[in-house]
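Here is what each chain is made of, one letter per residue.
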Amino acid sequence: MLHEQELKTFVEGTTNFFEVTAQQPASIGSPYLMEGSPAVHEYTGVINISGKREGVVYFTASKAMLTVLLMKMQENDFSHETMRDLVGEVANTISGNARRDFGREFVISVPSVLSGEKPQIPQKPGMRSFIIPINWRSHSAKLIVALT
Amino acid sequence: MLNGNPTAVNGNGKRCFKLLIVDDSNIMRRRIERLQQFEDLQLVGTAGNGLEALELFKRTDPDVVTMDLTMPRMDGIECIGQLVALKPAVRILVISALADKATAVEAMERGANGFLEKPFTDRQLNEAIADLMR
C-alpha cells in the first residue's frame with residue numbers, strides 16, 4: 001500500500017516545479033484511485049521505480065498547458081521536441097525529489113518521455129493507480145502513481 | 001575570485017571568463033544561456049552530454065562550466081573528473097535535480113565547486129554563478 005508520505009514526495013516534486021520555474025504555484029485536486037491504465041494527455045514524463053516498491057510514476061500534461069508554462073519560462077521555442085523536453089524536466093524533478101526523500105531503498109530510473117494520442121504506459125496488470133490532478137492557471141495535468 | 005586571468009574578450013572589449021554549458025535539456029541550456037547578463041562571462045559552447053562536453057572543453061578551454069548530472073553517453077559525475085584532470089583550475093557548478101546529499105558529495109569529491117538544485121529561479125542561478133566566480 002502506498003504511504004501518504006511517499007505520495008506527498010511525488011506531489012511536492014511536481015508542484016515545486018511550477019512554483020519555482022513559473023513563479024506561480026499549482027494546486028492539487030482531489031486524488032482518486034482507478035484500475036487499469038488511466039487516460040493521459042499528449043505529453044507524458046515517466047519514471048520507473050524498483051527496489052522497496054515496484055511500479056511507475058508519471059506526469060502527463062496537455063500541449064496547451066506546456067505552452068503556457070514555456071511562455072512563463074521565457075522560452076520561445078514551442079516545438080514538439082521542446083514539449084517533450086519540458087515534461088522530461090518535470091519528471092526529472094519528481095525523480096530527484098524521490099531520490100532525496102527515499103534514499104537507496106528506491107531505485108529510480110532516468111525519466112523517459114512519451115508523446116502522441118495514446119502512448120502505452122508500462123504498467124503491471126491489475127495494479128491500481130493514484131491519480132492526483134495538478135491544476136495550474138486554467139489547465140489541469142495529472143500526476144499518476146502506480147506502485148506496489 | 002576565480003583563479004587565473006580572464007581568457008576571453010567580450011563584445012565591449014572587456015576581458016572575461018569563458019563559459020561552457022552542459023545539459024541534455026535544450027530548455028535548460030537556453031535558460032542558462034540567458035544569464036549572459038554577466039558581463040564577465042562569455043559563452044564558448046553548449047553540450048548535451050558528457051562526451052560532447054569533453055570534446056568542446058578541449059577545443060574551447062573554458063574557465064567556468066555548468067554541469068548537469070543525468071545525461072546520456074557520459075554522465076556529469078564522470079565528466080567532472082575528466083575536466084578537472086585536464087584543467088584543475090576550472091570552476092564547475094553542478095545544476096541537477098539529483099539533490100540527495102550523497103550525489104552532491106560525490107560531485108564535490110570529483111572536483112565540482114558548487115551545486116544548484118533544479119528547479120531553480122533566475123535569481124538562484126545568478127547567485128550560484130556569482131558565488132562560483134568569487
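All values reported here derive from a predicted model rather than from experimental measurement.

Undergrad: Honestly, the overall build of chain B in this entry has me stumped. Any pointers?
TA: Check the secondary structure of chain B and you find five helices and six strands. When the helices and strands of chain B are read in sequence order from the N terminus, they spell out β-β-α-β-α-β-α-β-α-β-α. Within the span of chain B, comprising 134 residues, buried residues form 40% of the whole. For chain B, long-range pairs separated by at least 24 residues make up 60% of all intrachain contacts whose partners lie at least 6 apart in sequence.

Undergrad: Got a minute to help me understand the confidence of the model for chain B in this structure?
TA: The predicted structure's coordinates, where accompanied by low pLDDT, should not be read in detail. Residues and elements named next belong to chain B. A residue-level look at chain B finds 87% of positions with pLDDT of 70 or above and a mean pLDDT of 89. Per-residue pLDDT, averaged within each element of chain B, yields its smallest value for strand β1 (residues 8–9) (70) and its largest for helix α2 (residues 50–60) (97). We note a pTM of 0.89 for the whole complex and an ipTM of 0.85 for its interfaces.

Undergrad: Before we go on, may I ask you to explain the interface of chain B and chain A in this structure?
TA: The figure often quoted for interface size is the accessible area lost as the parts come together. Tallying the contact residues gives 15 residues for chain B and 18 residues for chain A. Of the residues belonging to the side of chain B that touches chain A, the class tally is seven nonpolar, four polar and four charged.

Undergrad: Is there a simple way to think about helix α3 (residues 76–86) of chain B in this case?
TA: A turn of α-helix holds 3.6 residues, and therefore any two residues three or four places apart point the same way. Residue and element names in this part refer to chain B. Along α3, the residues classified as buried are Gly76, Ile77, Cys79, Ile80 and Leu83. End-on, the buried residues of α3 take up no more than an arc of 160°, which puts them together on one face. For α3, exposure combined with an orientation more than 90 degrees from the buried face picks out Ala85 and Leu86. Of the surrounding secondary structure, the elements contacted by the buried residues of α3 are β2 (15–22), α2, β4 (64–67), β5 (91–96) and α4 (101–110).

Undergrad: Can you help me understand the nonpolar core in this one?
TA: General note: in soluble globular proteins, nonpolar side chains tend to be found buried as a group. A:Phe59, A:Leu66, A:Val87, B:Leu20, B:Met67, B:Ile92 and B:Val94 are the most contacted members of the largest nonpolar core, which has 71 residues in total. The biggest single contributor to this core is helix α3 (residues 80–102) of chain A, with seven residues. Here B:Leu20 is in contact with B:Val44, B:Gly45, B:Ala47, B:Ala53, B:Leu56, B:Phe57, B:Thr60, B:Pro62 and B:Val65, once residues within four sequence places are set aside.

Undergrad: Any chance you could explain the environment of B:Thr46 here in plain terms?
TA: Its place among the elements puts B:Thr46 in strand β3 (residues 41–47). Taking C-alpha positions, B:Thr46 is 27 Å from B:Ala102, a pair spaced 56 residues apart along the chain.

Undergrad: What exactly am I supposed to notice about helix α1 (residues 4–21) of chain A here?
TA: Residues and elements named next belong to chain A. Look at α1: 26 Å from first C-alpha to last across 18 residues, which is about the 26 Å you get at 1.5 Å a residue. Along α1, the residues classified as buried are Glu6, Thr9, Phe10, Val11, Gly13, Thr14, Asn16, Phe17, Phe18 and Thr21. Once α1 finishes, Gln23 follows within two positions and takes phi at roughly 60°, a positive value.

Undergrad: Is there a simple way to explain the environment of B:Asp100 in this structure?
TA: In this structure, B:Asp100 sits in the loop between β5 and α4. Judged by local crowding, B:Asp100 falls into the partly exposed class, with 17 C-beta atoms found within 10 Å. The sequence separation of B:Asp100 and B:Glu117 amounts to 17 residues, and the corresponding C-alpha distance is 9.6 Å. Leave out the neighbours within four places in its chain, and B:Asp100 touches A:Arg99 and A:Arg100.

Undergrad: How should the pairing of strand β4 (residues 55–61) of chain A be read in this particular structure?
TA: Working note: regular strand, side chains alternate between the two faces of the sheet. Residue and element names in this part refer to chain A. Burial within β4 is extensive, with six of its seven residues counted as buried. As paired strands, β4 and strand β8 (residues 139–147) are joined by six bridges and run antiparallel to one another. Within β8, the position partnered with Val57 by the bridge is Val145.

Undergrad: Where do I start with the packing of α3(B) against α4(B) in this structure?
TA: Working note: a packed helix pair is described by the angle between its axes plus the distance between those axes. All names here are of chain B. Where α3 contacts α4, the axes come no closer than 8 Å and their chain directions differ by 20°. The angle between α3 and α4 falls in the class roughly parallel. When you trace α3 past α4, the crossing you get is right-handed. Counted together, Ile77, Ile80, Gly81 and Val84 of α3 and Glu106, Ala107 and Arg110 of α4 form the full contact between these two elements. Each residue belonging to the contact of α3 with α4 can be placed in one class, and the counts come to four nonpolar, one polar and two charged.

Reading the values: rules and limits
- Residues numbered from 1 in each chain as written.
- Chains lettered and ligands numbered in written order.
- Predicted model: local features only at pLDDT ≥ 70, side-chain atom pairs only at ≥ 80, totals over all residues.
- Helix = DSSP H or I, 4+ residues; strand = E, 2+ residues; numbered from the N terminus.
- Buried ≥ 20, exposed ≤ 12 C-beta atoms within 10 Å, placed from the backbone.
- Contact = placed C-beta atoms within 7 Å.
- pLDDT = per-residue confidence, 0-100.
- Nonpolar A, V, L, I, M, F, W, Y, C, P; charged D, E, K, R; others polar.
- Arc of directions from axis to C-beta.
- Core = buried A, V, L, I, M, F, W, Y, C linked by C-beta atoms within 7 Å.
- Expected span 1.5 Å × (residues − 1).
- Pairing = 2+ DSSP bridges.
- Axes fitted to C-alpha atoms, helices over the stretch in contact; angles between N-to-C directions.
- Parallel < 35°, antiparallel > 145°, perpendicular 65-115°, else oblique.
- Left-handed = near helix turned anticlockwise from the far one by under 90°.

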